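# Understanding the architecture of this molecule
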Amino acid sequence: MHEFDEVFIQILVLLAIAIAVVGIARKINQPDTIALVLVGLLLGTITLPFPFIDQAEEFITQSEVFQVIIISLFLPILLGDATLKLPFHHLYKRRGTIIGLALGGTFLSFVLIGFSTHLLIGLPLAVAFTFAALMSATDPISVLSIFKTAGVSEKISTIMEGESLFNDGIAIVLFQISSVYLLTYIEMGWLGLGSGIWLFLRFAIGGILVGIILGFLFSQVIRFYDDYPFEIAISALMFFGSYFIAEHLHVSGVIAVVAGGFVFNDYGGKIGMSETTKRNINSFWDVITLIANSLIFLIVGLEIRNIDFSGQWSIIFLAIFIVIAARVIALFFSTMPAKSLNRKERILLNWGGLKGSLSIALALSLPANFEGRETILLLTFAVVLFSLLIQGLTIKPLIKKLGLQEK
């Protein structure tokens, strides 16, 4: 059999397992994302008498494969789909709170986690802030897949989804600065601080411009058609085009997808989409998102086969505490101007700051010779597991306890 055929079959086997788990979870009314992670953990820790499943696990959990699947393939899909589902006027209405969380909250969390892990755990400065970048933002894949089914109000859902859509792009830029340039910038002093700010602005603003331009151009294309299969294909081309063109130009592909998606949905939806197209485009991306999420959360669980927890429990628990505490402090200060948020809503936003597969994929992207790579992988995986299993499983009970169910 051709090698490509074997790879395809291995991915198909895992997809079949993932879809089966989703089907069972939905039948018994349990979160399918949590079920997938648990099944992935089980498959990653036991040896099954089926060689093809073991081969599939081994293939999919390789660092390069995991990164490509999560970052290059699924991330543009999930971000693009989210922009189609989140009306821009909802986002604009909550813009102050979302910007405060996505910018101020992410930076404050980054600084708090970086210095805390450096001082309390003893990680070298570059390692500490690289880990901080991975933990400073809520993961859009986790938040969008768990929070949208949690039954909260439009207000909280919009803030949580809006934050997760924008702050992951910021976190990726901080990750690149911390893992590649941080020590150099520190040696440069104030000049280094200026260089870091310029790099961040270039990535962020460049990504926004790429997204807006492509979103506008693709919106013009669909003006001339009332053909939903063609328009669906155009939307896919826009999502992936925004991401890869931005990355080629060395700006943020994530921010480009989000900006382009909002322009395409809001402006393009008004000038070029019929109701039939809107209905079908949403249905199409619902299916693609289901497949993407099913594979993502299964392989997050499978990644346990590459992590060694032995003798590391003290720093694991300390890292989890630091990340949660930093989220609490950062959210408190970044939402101080938001008078419309009450105490219960702030508690939910704190606990809903989930970490997920994007953090693991970025950690795996670190070169093998990066000092502290294994420690970062260990702590990142541990925090992500805590976030998905403990926080993810308790979000719905917490919503009920706080009385924040959608009326």
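Refer to the structure printed above.
Throughout what follows, the structure given in this document is the object of discussion. (Residues numbered from 1 in each chain as written. Predicted model: local features only at pLDDT ≥ 70, side-chain atom pairs only at ≥ 80, totals over all residues. Heavy atoms only, no water.)

On a plain count of helices and strands, the chain comes out with 17 helices and 0 strands. Once local pairs closer than 6 in sequence are excluded, the contacts in the chain between residues at least 24 apart make up 82%. Total accessible area on the chain is roughly 18,100 Å²; 68% of this is exposed by carbon and sulfur atoms. (Helix = DSSP H or I, 4+ residues; strand = E, 2+ residues; numbered from the N terminus. Contact = heavy atoms within 4.5 Å. Areas by Shrake-Rupley, 256 points an atom, 1.4 Å probe, with all protein chains shown as cover.)

This brings us to unusual backbone geometry. At H250, a position not held by glycine, the phi torsion is positive, near 60°. Topologically, H250 is positioned in the loop between α11 (228–248) and α12 (253–272). Using a relative accessible area of 54% as the deciding quantity, one classes H250 as exposed. (Buried < 20%, exposed > 50% of the residue type's maximum accessible area, 1.4 Å probe, protein only.)

Moving on to the packing of helix α16 (residues 357–364) against helix α17 (residues 373–402). Packing of α16 against α17 brings their axes to within 9 Å, and their N-to-C directions diverge by 170°. Of the possible angle classes, the one that applies to α16 and α17 is roughly antiparallel. Every residue of α17 that contacts α16 at S359, I360, A363 and L364 is listed here: R373, I376, L377, T380, F381 and V384. Of the residues in the contact of α16 with α17, the class split is 7 nonpolar, 2 polar and 1 charged. (Axes fitted to C-alpha atoms, helices over the stretch in contact; angles between N-to-C directions. Parallel < 35°, antiparallel > 145°, perpendicular 65-115°, else oblique. Nonpolar A, V, L, I, M, F, W, Y, C, P; charged D, E, K, R; others polar.)

In this section: the packing of helix α13 (residues 275–302) against α17. Running from N to C, α13 and α17 point in directions that differ by 130°, and their axes come no closer than 11 Å. Judged by the angle between their axes, α13 and α17 are oblique. Like other packed secondary-structure pairs, α13 and α17 cross with a definite hand, here left-handed. Between α13 and α17, the contacting residues are F297, V300 and G301 on the first element and F381, V384 and L388 on the second. Residues of the contact of α13 with α17, tallied by class, amount to 5 nonpolar, 1 polar and no charged. (Left-handed = near helix turned anticlockwise from the far one by under 90°.)

So, on to α11. With 21 residues, α11 ought to run about 30 Å at 1.5 Å a step, and its terminal C-alpha atoms sit 30 Å apart, in line with that. Turning to α11, its buried residues are E231, I232, I234, S235, M238, F239, G241, S242, Y243 and A246. (Expected span 1.5 Å × (residues − 1).)

The next point concerns the packing of aromatic side chains. Each aromatic ring pair is summarised here by two numbers: the centre-to-centre distance and the angle between the ring planes. Counted under the stated rule, the structure contains 11 aromatic pairs. Between F115 and F129, the ring centres sit 5.1 Å apart and the planes meet at 90°, which makes this aromatic pair edge-to-face. Note that F115 is positioned in helix α6 (residues 95–121) and F129 in helix α7 (residues 125–135), a separation of 14 residues in sequence. Given the relative accessible area of 8%, F129 is considered buried. Centroid distance F166 to F262: 6.3 Å. Interplanar angle 15°. Geometry classified as stacked. Placement of the pair is F166 in helix α9 (residues 154–188) and F262 in helix α12, with a sequence separation of 96 residues. The exposure class assigned to F166 is partly exposed, which follows from its relative accessible area of 30%. You can call F262 buried: its relative accessible area is 6%. One aromatic cluster is present, built from ring pairs that chain together F110, F115 and F129. The ring of Y92 carries R95 above its face, with NZ or CZ at 4.1 Å from the centroid. (Phe/Tyr/Trp six-rings, centres within 6.5 Å; stacked < 30°, edge-to-face > 60°. Lys NZ or Arg CZ within 6 Å of the ring centre and 35° of its normal.)

Quick look at the side chain of S359 now. Relative to the helices and strands, S359 is located in helix α16. Within the structure, the side chain of S359 is placed 3.0 Å from the backbone oxygen of L134, a separation counted as a polar contact. Residue contacts for S359: discarding those within four places in its chain leaves L134, M135, D139, T380 and V384. (Polar contact = N/O pair within 3.5 Å; in protein donor to acceptor, adjacent residues only side chain to side chain.)

By the secondary structure assignment, G403 is in the segment after α17. Distance from G403 to E345, taken between C-alpha atoms, is 9.8 Å for residues 58 residues apart in sequence.

Glancing now at the nonpolar core. Within the largest apolar cluster, 107 residues are counted, with the highest numbers of intra-cluster contacts made by I113, F131, F264, L298, F309, I376 and F381. Here this core gets 11 residues from one element, more than from any other, and that element is α17. In this structure, I156, L348, L398 and L402 belong to the second largest nonpolar core, which totals 16 residues. (Core = buried A, V, L, I, M, F, W, Y, C linked by side-chain atoms within 4.5 Å.)

Tracing the backbone through its elements, the reader meets N350 in helix α15 (residues 343–351). By relative accessible area, which is 17% here, N350 ends up buried. The contacts of N350, once residues within four sequence positions are left out, are R327, V328, L331 and Q391.

What follows is about a nonpolar patch on the surface. Together, I197, W198, L201, I205, L209, I213, F216 and L217 make up an exposed nonpolar region whose accessible area comes to about 790 Å². Mapped onto the elements, L217 comes out in helix α10 (residues 190–222). Accessibility expressed as a relative area gives 46% for L217, which makes it partly exposed. (Patch = residues over 30% accessible without salt bridge, like charges linked within 9 Å, V, L, I, M, F, W, Y side chains within 5 Å. Salt bridge = Lys/Arg side-chain N within 4 Å of Asp/Glu carboxyl O.)

Quick look at the pattern of salt bridges now. Tallied over the full model, the rule gives 7 salt bridges. Linking D81 and K85 is a salt bridge whose minimum nitrogen-to-oxygen distance equals 2.5 Å. On the criterion of helical spacing, the pair formed by D81 and K85 is a turn pair, its members being 4 residues apart in helix α4 (residues 63–85). The class for K85 is partly exposed, based on a relative accessible area of 33%. Across the salt bridge formed by K85 and D286, the nearest N and O atoms sit 3.2 Å from each other. Of this pair, K85 sits in helix α4 while D286 is found in helix α13, placing the two residues 201 residues apart along the sequence. By relative accessible area, which is 39% here, D286 ends up partly exposed. One network of salt bridges, in which partners are shared, links D81, K85 and D286.

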